Amino acid sequence: MAEVGKIRIKLPQSIKKGEVIPVRALIIHPMETGLRKDKDGKPIPAYYINDVKVYYGDELITSMEWTIAVSADPFMTFYVKADKAAPLKIVYKDNKGGIFEESVQINPQ
Amino acid sequence: MKQKEESVELSRRQFIKTTIAASTSFLIAGSLPSLVKKAFSETPVEEKIDDVLKRHFGNRKIETAHVDLKAPIIAENGAVVPITVVSDLPMEKDNYVKKIYIYSEGNLQPYVASAELSPANGKAELALRIKMRKTSNVRAVLETNTGKLYQGLKSVKVTIGGCGG
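Rules of the game
- Residues numbered from 1 in each chain as written.
- Chains lettered and ligands numbered in written order.
- Predicted model: local features only at pLDDT ≥ 70, side-chain atom pairs only at ≥ 80, totals over all residues.
- Helix = DSSP H or I, 4+ residues; strand = E, 2+ residues; numbered from the N terminus.
- Buried ≥ 20, exposed ≤ 12 C-beta atoms within 10 Å, placed from the backbone.
- Contact = placed C-beta atoms within 7 Å.
- Pairing = 2+ DSSP bridges.
- Core = buried A, V, L, I, M, F, W, Y, C linked by C-beta atoms within 7 Å.

Visitor: Would you mind showing me how to read the overall build of chain A here?
Guide: Along the backbone of chain A there are zero helices and seven strands. Starting at the N terminus and ending at the C terminus, chain A contains elements arranged as β-β-β-β-β-β-β. Along the longest, intermediate and shortest principal axes, the C-alpha atoms of chain A span 55 × 25 × 20 Å. Burial status across chain A gives 29% buried among its 109 residues. Put simply, of all contacts in chain A between residues at least 6 apart along the chain, 57% involve residues at least 24 apart.

Structure follows, in structure tokens:
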């Protein structure tokens, strides 16, 4: 569990200015539903990411609400119009107050 | 006489219904203690897709168009079902897809996730891996900045359910 919150963001290798590019992002997180029980029959408490925000430079471009039905180690792909050189930052928050973030630089040619 | 029989029949049916409902809630309340009771007050433990849609969109009309939902026909593992929501709708300054909602209709709580987009996304597309409890429809609803609603559905056969418990 030591890895919880580890994030990997992947951009295309070369980006042209104005191009709409896919952003692939993975975060390590158990996404426990709260509906499962451990082997002693005790319920495992819900532990999941419920809020995701994506910033491009200073601009909040996408925000998501997630429930327990997003798979463990959530992996997503969304798109960004690469019209400026700026960092792309993703901030994940979970129901236990955990905050995890990672940035990558977008440098359109 | 016939009328009387009918009413007896009806009340018996009703009796069975109420008994089942009562015993089910007993089971739920009895077997899972405080945790569930607490959850009860916040979100319902079980919700039907129609109720979720009503909660999210009221009685607004949802047109089945402009949404291409990509999902596997058969998902061997319901815990990880990759889906992609694609739309041909524009992402321009004053004309864009504002929100994407994703539902897995066979889950106890069908609402999976939603994403608020902006023209800076350049494209109304989102891929996510979701959990599916059983064979059912996956549904995506898109809301435009002008308040129009569009949806797409796809049936996914789930071999092993993915919600546990």
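Visitor: Is there a simple way to think about the environment of Ile74 of chain B in this case?
Guide: Residues and elements named next belong to chain B. Within the fold, Ile74 resides in strand β2 (residues 74–77). Along the primary structure Ile74 and Pro119 are separated by 45 residues, whereas in three dimensions their C-alpha atoms are 34 Å apart. Those residues in contact with Ile74, other than ones at most four positions away along the chain, are Lys157 and Thr159.

Visitor: Please clarify how the pairing of strand β3 (residues 81–87) of chain B should be interpreted in this entry.
Guide: It is a general feature of regular strands that their side chains alternate between the two faces of the sheet. All names here are of chain B. Only one face of β3 is covered, namely the one carrying Val81, Ile83, Val85 and Ser87; the face carrying Pro82, Thr84 and Val86 has none of its residues buried. The pairing of strand β1 (residues 67–70) with β3 spans four bridges and is antiparallel. Note that in β3 the partner of Leu69 across the bridge is Val85. Note that β3 and strand β6 (residues 125–130) share six bridges and pair antiparallel. The partner of Val81 across the bridge, within β6, is Ile130.

Visitor: Explanation requested: the nonpolar core in the structure shown.
Guide: Ranked by size, the top nonpolar core spans 53 residues in total, and within it Ile100, Ile102 and Ile130 of chain B carry the most contacts. Setting aside its immediate chain neighbours within four residues, Ile130 of chain B contacts Ala69, Val70 and Ser71 of chain A together with Val81, Ile83, Ile102, Ser104 and Val112 of chain B.

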